[in-house]
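# A closer look at the structure
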Amino acid sequence: MDDLLPHLFRAEYRKIVSVLCTRFGFDQMEAAEDIASETFLAAMQTWPLNGLPPHPVAWLYHVAKNKARNFLQREAVFRDKVTRELKGPESDWTEIDLSPANIEDSQLRMMFAICHPSIPAEAQIGLSLRILCGFGIGEIAEAFLTNKETISKRLHRAKERLREEKIDIGKVAALEVEARLPAVMTTIYLLFTEGYYSMPRDPELRSELCLEAMRLCRMLIDNPLTDQPAVSALLALMSFHASRLDARIDRQGELVLYADQDVSRWNAELISEGTFYLRRSASGSVLTNYHLEANIAYWHCEKEDSPEKWEAVLQLYNQLLMLEYSPVAAMNRTYALAKVRGNAVALAEAEKLKLVGNPYYYALLGELYRGIDDSRARENFQQAASLAKSEADRQALITKMGKLRL
């Protein structure tokens, strides 16, 4: 039971909150969260005394329904608002639908509502973690490497904005899917990268952030309105990246750069899943950044370090930069360029970028100078270490410096 309740909280809290928010509206978001929390508190108090119910999830839903019904009946403001909108005298406005179909639909509606343009991207991620993923305030603070007070204020401001904008948690079709889907996909990918590239102290939390982002993406694929080739490309991209998640950190918790990763720790199942969705993404006629980045990630999951691999990656980066220029993509392109045409050619291209203040840029220069001018390589590795965003990054760079010739 000690392990079951935390697992059920992670899996079911978000479903209950999404359904209740969809039923109540954003004006009563706190009430929806309170009802969901009280439901699990009741389980913590009751199950140890009475024993585990035969169907724990059904028990939780039953309690949540009763608490929600009591809330609706008790609150005059809700009676007034809801009864005016009743479609007919036979409607049961206190009924809460926790069927699988409505749970899935409610979560999808919430995803599109949270990704409203008026909500800052950072707050969108925080709300997604809280409402759609069931993360606690402490876990969100850990993910963002900040404190609970900061996260609480951020979420409070985001909820206030949702109320002020009077955002309706309507049907997905009514939310202009075509217009809003790119923002939803951006939020999902930002959630993924928060787990993949950040270094919170809890490795399991990093993995959960990535897996939750992939779960939300699968929800888009499972709905005919949002099942588009670009969504498959995004899931392929995340699957390929996630396949190397374990290999990015060694047994001592230090960062392992791509060239030094133990390929036996790559997840073959996730690579296979990524390949499936990459092929699926080719059904459309529109080429997006996600398609190109997913193809790049695919080649990075090829174990053999062949000329064909890096030539393909280089050409994909060329396409990506033509589609939408990004300094980071241009920087990553120079690594592939070095593999194809040598460090000297890549170094000339990299130094034109002048990404001052970017630790990864200096780390790249350190790699490219290695063997050409080791003293310059050391200087760049030192600069990268001084700007490193985490202790793991800093230690990886120190290790690189230690391998240079004196």
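The structure this text deals with has already been given above.
Quick look at the structure, then.

What counts and what doesn't
Residues numbered from 1 in each chain as written. Predicted model: local features only at pLDDT ≥ 70, side-chain atom pairs only at ≥ 80, totals over all residues. Heavy atoms only, no water. Helix = DSSP H or I, 4+ residues; strand = E, 2+ residues; numbered from the N terminus. Core = buried A, V, L, I, M, F, W, Y, C linked by side-chain atoms within 4.5 Å. Buried < 20%, exposed > 50% of the residue type's maximum accessible area, 1.4 Å probe, protein only. Contact = heavy atoms within 4.5 Å. Expected span 1.5 Å × (residues − 1). Phe/Tyr/Trp six-rings, centres within 6.5 Å; stacked < 30°, edge-to-face > 60°. Lys NZ or Arg CZ within 6 Å of the ring centre and 35° of its normal. Axes fitted to C-alpha atoms, helices over the stretch in contact; angles between N-to-C directions. Parallel < 35°, antiparallel > 145°, perpendicular 65-115°, else oblique. Left-handed = near helix turned anticlockwise from the far one by under 90°.

## A word on unusual backbone geometry
Despite not being glycine, K354 has its phi angle at roughly 50°, a positive value. Structurally, K354 is set in the loop between α16 (343–353) and α17 (359–369).

## Thoughts on the nonpolar core
Residues M111, L129, I188, F192, L220 and M238 are the most contacted members of the largest nonpolar core, which totals 127 residues. For this core, the leading source of residues is helix α11 (residues 229–243), giving 10 residues. Excluding its chain neighbours within four sequence positions, the residues that come into contact with I188 are M111, A213, L216, C217, L220, L234 and M238.

## Describing helix α15 (residues 327–341)
Spanning 15 residues, α15 covers 20 Å between terminal C-alpha atoms, matching the ideal 21 Å at 1.5 Å per step. Within α15, the full set of buried residues consists of A329, A330, M331, R333, T334, A336, L337 and A338. In this structure, the buried residues of α15 make contact with α14 (307–323), α16 and α17. Positive phi appears at G342, one or two residues downstream of α15, with a value of about 100°.

## A look at the packing of aromatic side chains
Counted by the stated rule, this structure contains 14 aromatic pairs. Their ring planes at 70° and their centres at 5.0 Å tell us that F9 and F40 sit as a pair that is edge-to-face. You can see F9 sitting in helix α1 (residues 4–24) and its partner F40 sitting in helix α2 (residues 29–50), a full 31 residues away along the chain. The interplanar angle of 85° and the centroid separation of 6.4 Å between the aromatic rings of Y258 and W310 together place this pair among those described as edge-to-face. Of this pair, Y258 sits in the loop between α11 and α12 (268–281) while W310 sits in helix α14, placing them 52 residues apart in sequence. W310 gets classed as buried once you look at its relative accessible area, which sits at 3%. Each residue in the set Y189, F192, Y196 and Y290 is aromatic and connected to the rest through ring pairs, giving one cluster. R10 extends its terminal NZ or CZ atom over the ring of F135, reaching a point 4.2 Å from the ring centre.

## Thoughts on the packing of α15 against α16
Each packed pair of helices is defined by two parameters, the angle between the axes and the distance between the axes. Close contact between α15 and α16 brings their axes to 7 Å; oriented N to C, the two are set at 165°. Taken together, the axis directions place α15 and α16 in an arrangement best described as roughly antiparallel. By crossing handedness, the relation of α15 to α16 is classed as right-handed. Contacts between α15 and α16 pair A330, M331, R333, T334, L337, A338 and R341 from the former with N343, V345, A346, E349, A350 and L353 from the latter.

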